[in-house]
Amino acid sequence: MQLDDYSDNGSKKYKLVPRITISDNTSEVFCVKFSPDGKFIAAGCGDGAIRVFNSQNGALAYNLQGGSNVALPTTAIRFRPVTVTTRTKNVFIASNAAGAVQHWHMTSGKCLHSLEDEGNQVYAMDYNSEGSKFVTAGKDTAIRVYDEATKSLLLTMKGGSGYSIKSAPGHSNRIFSCKVLADEENLILSGGWDNTVQLWDIRIGYAVRSIFGPHICGDSLDIVGKEVLTGSWRPDKQLELWDFESGNKVADIPWSASPSASSPSCMLYAAQFSKEGQAQFIAAGGSGANEAKVFDHSRGNAVVGTVTGLARGVFALDFAPDCAKIAIAGGDASIRILDIVNRE
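This section reports on the structure supplied with the text. Since we're looking at a predicted model, the values are computed, not measured. (Residues numbered from 1 in each chain as written. Predicted model: local features only at pLDDT ≥ 70, side-chain atom pairs only at ≥ 80, totals over all residues. Heavy atoms only, no water.)

**Overview of the overall build of the protein**
So, point 1. Across its full length, the protein holds 0 helices and 29 strands.
So, point 2. Projected onto its principal axes, the C-alpha positions of the protein cover 55 × 50 × 40 Å.
So, point 3. Just so you have it, the protein exposes about 14000 Å², and 48% of that area is on carbon and sulfur atoms.
So, point 4. Here the protein holds 33 positive side-chain charges and 36 negative ones, and the gap between their average locations is 2 Å. (Helix = DSSP H or I, 4+ residues; strand = E, 2+ residues; numbered from the N terminus. Areas by Shrake-Rupley, 256 points an atom, 1.4 Å probe, with all protein chains shown as cover. Lys, Arg positive; Asp, Glu negative; His and termini not counted. Charge placed at Lys NZ, Arg CZ, Asp CG, Glu CD.)

What follows is the structure, encoded as structure tokens:
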């Protein structure tokens, strides 16, 4: 791994400092998530393994599910939000390419519940901010909403309001990312292979609006306030910002200040806003160039740092809740945790 901090032409205020590299995973890492307190990081691997590491020293804390050469990949992990109504802490959901969604209690290592969507492959999940509902999406192009307490299916949404330019047809291909809006929990954003982002309304039961263009192939869709972030698996215009209300593109964030025809482009699998609620930072990573970048969104998207020189692509990343750290993982079976440090 190499780290470029762009001190001359990038962010003057922040830089990335490597903290830990966790290299003892059994297979490529498809998803990583910090726990709500930031003390742990959960990882899902291509051989189905689910493991939890200490985010301070990288030590394996909990080995919840071993990997197997016949198992299908663990595709997504989401920790249940900690709220005043949460009875049990340290719970997360994990999905796999067999269509299963499992509730795990991290500290006891127990699988609390498992549901299976037969014939489907689940690639994306999210909780509402209260932790009372969770959403799944995947191969069959449907959005499913479940009750967290009973684990019962509340609603399946597929299709939309029509096919005109002002309508939303729903998805026509696999969904790889979905997000429940924090300030309007009846609304869900999703993106996938069909070059659209769809907005779904639980109250109506179908897609009501579309953004056309982003080619989403991983967990590369996010929203903070009225700003939507998309990361596309393509060689140019990979990282884009959109206005939620109008669906219009606000900006392209250039991946390279001086792109070279002889250098491979970075096609994005992962993109995320930082979690402090103000979208101070943006992180993204992918394959081709096999690298990840952190941008200072509050200062004109100046580059904070680039993690490069990787043997395989970046498949997943996650900001810590306090935005002081970021985890980057992917095809080389390693998880790299870096500090975001104030230069001042």
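**What about the sheet that holds strand β20 (residues 227-231)?**
So, point 1. Pairing is antiparallel in the open sheet, where 4 strands are placed in the order β19-β20-β21-β22. Among the strands making up the open sheet, the edge pair consists of β19 (221-224) and β22 (249-252). Each strand axis lies, on average, 20° off the axis of its neighbour in the sheet, ignoring direction.
So, point 2. Direction of pairing for β19 relative to β20: antiparallel, over a ladder of 4 bridges. The residue of β20 that forms the bridge with Val224 is Glu227. (Pairing = 2+ DSSP bridges. Axes fitted to C-alpha atoms, helices over the stretch in contact; angles between N-to-C directions.)

**Overview of the pairing of strand β29 (residues 335-342)**
So, point 1. Taken across its 8 residues, β29 has 6 buried, putting it largely inside the fold.
So, point 2. Judged from the 8 bridges that link them, strand β2 (residues 14-22) and β29 form a sheet pairing that is antiparallel. The partner of Leu16 across the bridge, within β29, is Ile340.
So, point 3. The pairing of strand β28 (residues 325-330) with β29 spans 5 bridges and is antiparallel. Paired with Ala327 across the bridge in β29 is Ile337.
So, point 4. Linkage of β28 to β29, two consecutive antiparallel strands, is achieved through a turn of 4 residues, within which Ala333 is found at a positive phi near 65°. (Buried < 20%, exposed > 50% of the residue type's maximum accessible area, 1.4 Å probe, protein only.)

**Notes on the packing of aromatic side chains**
So, point 1. Scanning the entire structure with this criterion turns up 12 aromatic pairs.
So, point 2. For the pair Phe176 and Trp193, a centre-to-centre distance of 5.3 Å together with 40° between the ring planes defines the contact as tilted. Of this pair, Phe176 sits in strand β15 (residues 175-180) while Trp193 sits in the loop between β16 (187-192) and β17 (196-201), and the two are 17 residues apart along the sequence.
So, point 3. Assessed through its relative accessible area of 13%, Phe176 is described here as buried.
So, point 4. Judged by centre distance (6.1 Å) and plane angle (35°), the ring pair of Trp233 and Tyr269 falls under tilted. With Trp233 in the loop between β20 and β21 (239-243) and Tyr269 in strand β23 (residues 266-273), the pair connects residues that are 36 residues apart, well separated along the chain.
So, point 5. You can call Trp233 partly exposed: its relative accessible area is 30%.
So, point 6. These aromatic residues form a ring-pair network of at least three members: Phe30, Trp233, Tyr269 and Phe315.
So, point 7. We note Arg209 situated over the ring of Phe244; from NZ or CZ to the ring centre the distance is 4.9 Å. (Phe/Tyr/Trp six-rings, centres within 6.5 Å; stacked < 30°, edge-to-face > 60°. Lys NZ or Arg CZ within 6 Å of the ring centre and 35° of its normal.)

**As for the nonpolar core**
So, point 1. Counting 17 residues, the largest nonpolar core has Leu16, Phe281, Val294, Ile326 and Ile328 as its most contacted members.
So, point 2. Elements represented by at least two residues in this core include exactly β2, β24 (281-288), β25 (291-296), β26 (302-308), β27 (314-319), β28 and β29.
So, point 3. Residue contributions to this core peak at 3 residues, all from β27.
So, point 4. With residues up to four places along the chain from it excluded, the contact list for Leu16 reads Leu3, Val294, Val304, Gly305, Thr306, Val307, Leu338, Asp339 and Ile340. (Core = buried A, V, L, I, M, F, W, Y, C linked by side-chain atoms within 4.5 Å. Contact = heavy atoms within 4.5 Å.)

**Re unusual backbone geometry**
So, point 1. Phi angles above zero are rare outside glycine, and Ala279 is one such case at about 55°.
So, point 2. In this fold, Ala279 is placed in the loop between β23 and β24.
So, point 3. Phi is positive for Cys323, close to 65°, though the residue is something other than glycine.
So, point 4. By the element assignment, Cys323 lies in the loop between β27 and β28.

**Here we look at the sheet that holds strand β11 (residues 122-127)**
So, point 1. Read from one edge of the open sheet, 4 strands run β11-β12-β13-β14, paired in antiparallel fashion. The sheet is open, and its two edges are formed by β11 and β14 (153-157), each paired on a single side. Averaged over all adjacent pairs, the angle separating strand axes in this sheet is 20°, with direction ignored.
So, point 2. In this sheet, strand β12 (residues 133-138) lies alongside β11 in antiparallel orientation, the contact comprising 5 bridges. By the bridge assignment for β12, Ala124 is matched with Ala137.

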